[in-house]
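Residues per chain are reported as follows:
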Amino acid sequence: MKNIGFKFENTYAKLPDILATKLVPVPVKKPKLIIFNNRLAKDLGLDVNSVSEDDLTNLFSGNKLPTGSEPLAQAYCGHQFGHFVMLGDGRAIVLGEHLTPSGKRIDIQFKGSGRTPYSRSGDGRAALGPMLREYIISEAMHGLNIPTTRSLAVVATGEMVQREVALQGAVLTRVASSHLRVGTFQYLAARQDIKSLKELVSYTIKRHYPEFINSKNQALELLRIVIKKQAYLIAEWMRVSFIHGVMNTDNMTISGETIDYGPCAFMDYYDPKTVFSSIDLHGRYAFGNQPNIAEWNLARFAESILPLFDLDNKKAVSIAEQEINNFKDIFKNNFTKMMKGKLGLISNEIEDDKLMKDLFQLMFENEADYTNTFVYLMNGSVPQEELIKDKNFIEWKNKWNSRLSRNQDIIKAKELMTKNNPIIIPRNHLIESALSKAEQGNLDEFNKLILALKDPYKDNGQYTGLKNPAPQSEKKYQTFCGT
Ligand code: AMP
Ligand code: MG
């Protein structure tokens, strides 16, 4: 088969053997291409027009391997809901690192590609609905300008997978700047393999943060930069009301990209306690708890590379603690900057913090739609909200308006708001509806959503039906879990 333009290198395969198992995807019976991301393919330098659809289908189902790939399943551990577990790619295979025309190194990974030595009791497969869900939400996150893994293709396998009911199987092709995660480091730490840990830190610095190649303490620089990346990422999630749902340490990347779209969702009505995963019984991963959990995960990361900070354990602990303690301030700065962007506030005033807190309180009391509240403030479009009739809100809005008018440049303020307040987000009820139709072979709604979510900050008047939250009466049905 003709090469569609993949240029593979396989540097991960050269790391210590215990970090991965080399194996190929398990072939599937009757693959059918469901969706292919032509725009992304073009950005990656792939020319799919030169091959037939059959070839593409075989390629992205794992039935035919591209030249140059040295497929492997990665080993890792993770704290799942706070409990430490040995994991690894139980249903994923990394084909290798593709070098894009612009010189970027990215992992090409299949998800749902069959059993591996890390599968435990799992079948190694994935169902079509959840893979299409990852496809659409990851692409939506990209459209929202939030660091994320991307989705290149979904192929139905022609095989059924048994979950609570039998579902159609599928393979998702995921594109990521790497699949290094907190759990990868935890895996080596659990084995007390300091030599490999050192090697992995150097590898990570070289791959993601080459500015620290000559640093005397690469591990410390790595911890600092990962803290920064995550503090930025979580604030960005909260900007668009995103709830990851399973912020386990194996689902936290070292690159700072959002990864693993399982039971995630965008919050409609503002309530910081909102959870979407039906297995998250204690609200560990609730909307408002995400910064705390990020800090907790980062502490686990620091622990895992502790011996590399200093040979003296006491000193190493104190270094790690100091860095982790910075997370709160770094996050708060990012969050404040982000919220000020949403409100169009350019300069700094002492009362700004209170202005933001008061708005959150009013949104909470009125069960206001998070996205539409900011759209209303931005362009006056009238949402069906109790909030805008609340006299306390009207008072708040007057205060905000006079605060805005003290800004030097009102045009800049508007630009800032336009950049920070999406008009369209992938609302859960829309996604669910599009997915259930897509599972029956009708991708019209799915494709329409994909199109709308490409440019979520622009209102071209076409997508009025996509702007409203699910009716309040359906609110309690929003808990969702799908992987
Ligand atoms: P996730 O919740 O998707 O992050 O997955 C957690 C762990 O379970 C990872 O190690 C996955 O590889 C593994 N896993 C999830 N689903 C399956 C499956 N169907 N078969 C084997 N392993 C799985
Ligand atoms: Mg995962």
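Cut-off values and rules
- Residues numbered from 1 in each chain as written.
- Chains lettered and ligands numbered in written order.
- Predicted model: local features only at pLDDT ≥ 70, side-chain atom pairs only at ≥ 80, totals over all residues.
- Heavy atoms only, no water.
- Helix = DSSP H or I, 4+ residues; strand = E, 2+ residues; numbered from the N terminus.
- Buried < 20%, exposed > 50% of the residue type's maximum accessible area, 1.4 Å probe, protein only.
- Donors = N, O, S within 2.8 Å, 3.2 Å for Na, K, Ca; no water.
- Salt bridge = Lys/Arg side-chain N within 4 Å of Asp/Glu carboxyl O.
- Contact = heavy atoms within 4.5 Å.
- Near = heavy atom within 4 Å.
- Polar contact = N/O pair within 3.5 Å; in protein donor to acceptor, adjacent residues only side chain to side chain.
- Nonpolar A, V, L, I, M, F, W, Y, C, P; charged D, E, K, R; others polar.
- Domains from an automatic or database assignment.
- Buried area = accessible area lost by both parts, 1.4 Å probe.
- Pairing = 2+ DSSP bridges.
- Core = buried A, V, L, I, M, F, W, Y, C linked by side-chain atoms within 4.5 Å.

Before going further, it helps to spend a moment on unusual backbone geometry. Positive phi values are uncommon outside glycine, yet Asp-260 reaches one of about 65 degrees. With respect to the helices and strands, the residue Asp-260 is situated in the loop between strand 12 (242-243) and strand 13 (265-266). Owing to a relative accessible area of 15%, Asp-260 belongs among the buried residues under this scheme.

Note on metal sites: the ideal angle is 109.5 degrees for four tetrahedral donors, and 90 or 180 degrees for six octahedral donors. Of the protein atoms, only Asn-251 (OD1) and Asp-260 (OD) coordinate the magnesium ion (ligand 2), at distances of 1.9 to 2.2 Å. One exposure class covers both Asn-251 and Asp-260, and it is buried.

Across all of its chains, the model carries 30 salt bridges by this definition. Here Asp-260 makes a salt bridge to Lys-111, at a shortest N to O gap of 2.9 Å. Of this pair, Asp-260 sits in the loop between strand 12 and strand 13 while Lys-111 is found in strand 8 (residues 105-111), placing the two residues 149 residues apart along the sequence. The two residues Asp-260 and Lys-111 agree in class, both being buried. Of the charged contacts in the structure, one is a salt bridge between Lys-332 and Asp-353, with a shortest N-O distance of 3.4 Å. Pair noted here: Lys-332 is in helix 8 (residues 313-343) and Asp-353 is in helix 9 (residues 352-365), with a separation of 21 residues, a long-range link. On the accessibility criterion, Lys-332 (44% relative accessible area) is partly exposed. Several salt bridges share partner residues, and in doing so they unite Glu-9, Glu-97, Arg-105, Asp-107 and Arg-207 into one network.

Residue position: Phe-331 is located in helix 8. Residue contacts for Phe-331: discarding those within four places in its chain leaves Ala-231, Ile-234, Ala-235, Met-238 and Pro-291.

What follows concerns the site of ligand 1. Neighbouring residues of ligand 1: 17 residues in total, closest Gly-88, Gly-90, Asp-123, Gly-124 and Asp-260. Residue Gly-90 places a main-chain N or O atom 2.7 Å away from an oxygen atom belonging to ligand 1. The separation between a nitrogen atom of ligand 1 and a polar main-chain atom of Arg-125 is 3.2 Å. Here the shell around ligand 1 is composed, by residue class, of two nonpolar, seven polar and eight charged. There are two domains that each give the shell around ligand 1 at least three residues, and those are domain 1 (12-176) and domain 2 (182-335).

The domain boundaries assigned to the protein delineate domain 1 (12-176) and domain 2 (182-335). At the interface, 34 residues of domain 1 touch 40 residues of domain 2. Across the domain 1/domain 2 interface, buried area totals approximately 3,100 Å², and carbon plus sulfur atoms make up 64% of it. When the area that domain 1 buries against domain 2 is broken down by residue, the three leading residues are Ile-18, His-79 and Phe-81, summing to 22%. The tally of links between domain 1 and domain 2 comes to 15 residue pairs in polar contact (both at pLDDT 80 or more). Top element by residues in the side of domain 1 that touches domain 2 is helix 3 (residues 128-143). It accounts for five residues. In the side of domain 1 that touches domain 2, the residues fall into 19 nonpolar, eight polar and seven charged.

Once that is clear, we can look at the side chain of Ser-255. Its location among the elements puts Ser-255 in the loop between strand 12 and strand 13. Within polar-contact distance, the side chain of Ser-255 engages the side chain of Thr-253 at 3.4 Å. Setting aside residues up to four positions removed in sequence, Ser-255 forms contacts with Ser-177, His-208, Tyr-209 and Lys-229.

For strand 5 (residues 77-80) and strand 6 (residues 83-86), the ladder comprises four bridges, and the chain directions are antiparallel. Each bridged residue has a counterpart across the sheet, and for His-79 the counterpart in strand 6 is Phe-84. Here strand 5 folds back onto strand 6, and the loop between the two strands holds two residues, one of which, Phe-81, carries a positive phi near 50 degrees.

Another aspect to go through is the nonpolar core. Nonpolar side chains tend toward joint burial in soluble globular proteins. Judged by nonpolar contacts, the single largest core of 151 residues is most densely connected at Phe-60, Val-154, Leu-222, Leu-343, Leu-377 and Phe-446. Top element by residues in this core is helix 6 (residues 218-239). It accounts for 13 residues. Here this core gathers at least three residues from each of two domains, domain 1 (12-176) and domain 2 (182-335). Residue contacts for Phe-446: discarding those within four places in its chain leaves Ile-35, Leu-132, Tyr-135, Ile-136, Ala-434 and Leu-435.

In this fold, Asn-392 is placed in helix 11 (residues 391-405). In sequence terms Asn-392 and Asp-358 are 34 residues apart; their C-alpha atoms lie 9.6 Å from each other.

When you line up the elements, Asn-248 lands in the loop between strand 12 and strand 13. Classification of Asn-248 as buried rests on a relative accessible area of 4%. Side-chain polar atoms of Asn-248 contact the side chain of Tyr-285, separated by 2.6 Å. The residues contacting Asn-248, other than those within four sequence positions of it, are His-79, Gln-80, Phe-81, Tyr-285 and Asn-297.

Now for helix 4 (residues 182-190). For helix 4, the buried fraction is high: seven of the nine residues fall into the buried class. Listed in full, the buried residues belonging to helix 4 are Val-182, Gly-183, Thr-184, Phe-185, Gln-186, Tyr-187 and Leu-188. Looking at the residues trailing helix 4, positive phi occurs at Gln-192, about 55 degrees.

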